[in-house]
Amino acid sequence: MNEPIRPRDELTRRKLFRRPERSPASYDDPVIVLSPSVLARHNARVLVPALSTKVVGQDDLRSTVYIADQLLITGGVRDENSRSVLEDVVSEKGLEFRPPLESDRTVRLRGLLADVGRDDLSELMPAAHTLAPRAGSMAVPDAWDILQSFRARVDAAQFEAESERLAALSPPEQIEFRTRLLADATQDVALNHLLFASADVSGVPFVGGVPFVGGVPFVGGVPFVGGVPFVGGGPFVGGGRFVGG
């Protein structure tokens, strides 16, 4: 004869009392949400990948918070053609660069490098350049818009110059080649990041500031080269570049 089932046993047997399974994450990377007061205090903007302009090699943009009226520039943009393109883009937007902003620490470091005869290393240190309206202009600076316009124009020039080599490549190879060329030509210009989102907590080298290269550069401010700019992720080196984002 079967034993009667007691109500308590029946209840604890039901799925209702089992630990619910965790739902999968909605996003691969965290979504940045900041209050308007925080953004206003730093003149910052949130880069939303789904709503942001992209250039070649930027399929995997990540959310970031950047200073709207600053760009991190290394060595005054060492590629002469790229420097000329950047100046043209800024001018056409009704803007101009103000003298670079440097912390006391950076000034002291430049002095120490000069004392030991390594001014060449000083040129590798990025500086924050502020964008401001030109005389008679009411343009509102947006560093991401400037950066992407700069990258797109450099990519167009390189596409024309390398048309024969590109014609011999498959479409995926063309994308890879163009991405590499663009990263090399624009690596000295990056966003000044305040914050960026990442689900990876395996370890990240932060030194003083933090540069992302092919990802995001940070230095006494924070540059994205090739792109909070991000291209394939990004290297950090006390200043840096953003490629592909």
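Residues numbered from 1 in each chain as written. Predicted model: local features only at pLDDT ≥ 70, side-chain atom pairs only at ≥ 80, totals over all residues. Heavy atoms only, no water.

A. Representation of helix 6 (residues 143-161) within the structure. If you check helix 6, its first and last C-alpha atoms are 27 Å apart, about what 19 residues at 1.5 Å a residue would give, namely 27 Å. If you check which residues of helix 6 are buried, you get Ala143, Trp144, Ile146, Leu147, Gln148, Phe150, Arg151, Val154, Asp155 and Gln158. Of the residues flanking the start of helix 6, the one acting as N-cap is Asp142, its side-chain oxygen 3.1 Å from the backbone nitrogen of Trp144. (Helix = DSSP H or I, 4+ residues; strand = E, 2+ residues; numbered from the N terminus. Expected span 1.5 Å × (residues − 1). Buried < 20%, exposed > 50% of the residue type's maximum accessible area, 1.4 Å probe, protein only. Polar contact = N/O pair within 3.5 Å; in protein donor to acceptor, adjacent residues only side chain to side chain.)

B. Molecular detail of the pattern of salt bridges. Evaluation of the coordinates by the stated rule reveals 6 salt bridges. Two residues, Asp142 and Arg45, come together in a salt bridge whose shortest N-O distance is 2.9 Å. One end of the pair, Asp142, is in the loop between strand 4 (126-133) and helix 6; the other, Arg45, is in strand 1 (residues 44-47), and 97 residues separate them in sequence. Between Asp155 and Arg178 there is a salt bridge; the shortest N-O distance is 2.5 Å. Here Arg178 lies in helix 8 (residues 171-186) and Asp155 lies in helix 6, a separation of 23 residues in the sequence. (Salt bridge = Lys/Arg side-chain N within 4 Å of Asp/Glu carboxyl O.)

C. The arrangement of unusual backbone geometry in detail. One non-glycine residue, Asn43, adopts positive backbone phi at about 50°. Position of Asn43 among the secondary structure elements: in the loop between helix 2 (36-42) and strand 1.

D. Up close: the confidence of the model for the protein chain. Across the protein chain, the average pLDDT comes to 76, with 68% of residues at or above 70. Throughout residues 201-245 the model reports pLDDT below 50, and contacts reaching past four residues in sequence, or to other chains, amount to 212 contacts. (pLDDT = per-residue confidence, 0-100. Contact = heavy atoms within 4.5 Å.)

E. Expanded view of the packing of helix 6 against helix 8. At a minimum axis separation of 10 Å, helix 6 and helix 8 run at an interaxial angle of 125°. The orientation of helix 6 relative to helix 8 falls into the category oblique. Helix-helix and strand crossings are classified by hand; for helix 6 and helix 8 the assignment is right-handed. Listed contacts from helix 8 to Phe150, Arg151, Val154, Asp155, Gln158 and Phe159 of helix 6 are Arg178, Leu181, Leu182, Ala185 and Thr186. Its residues assigned to classes, the contact of helix 6 with helix 8 comprises 6 nonpolar, 2 polar and 3 charged. (Axes fitted to C-alpha atoms, helices over the stretch in contact; angles between N-to-C directions. Parallel < 35°, antiparallel > 145°, perpendicular 65-115°, else oblique. Left-handed = near helix turned anticlockwise from the far one by under 90°. Nonpolar A, V, L, I, M, F, W, Y, C, P; charged D, E, K, R; others polar.)

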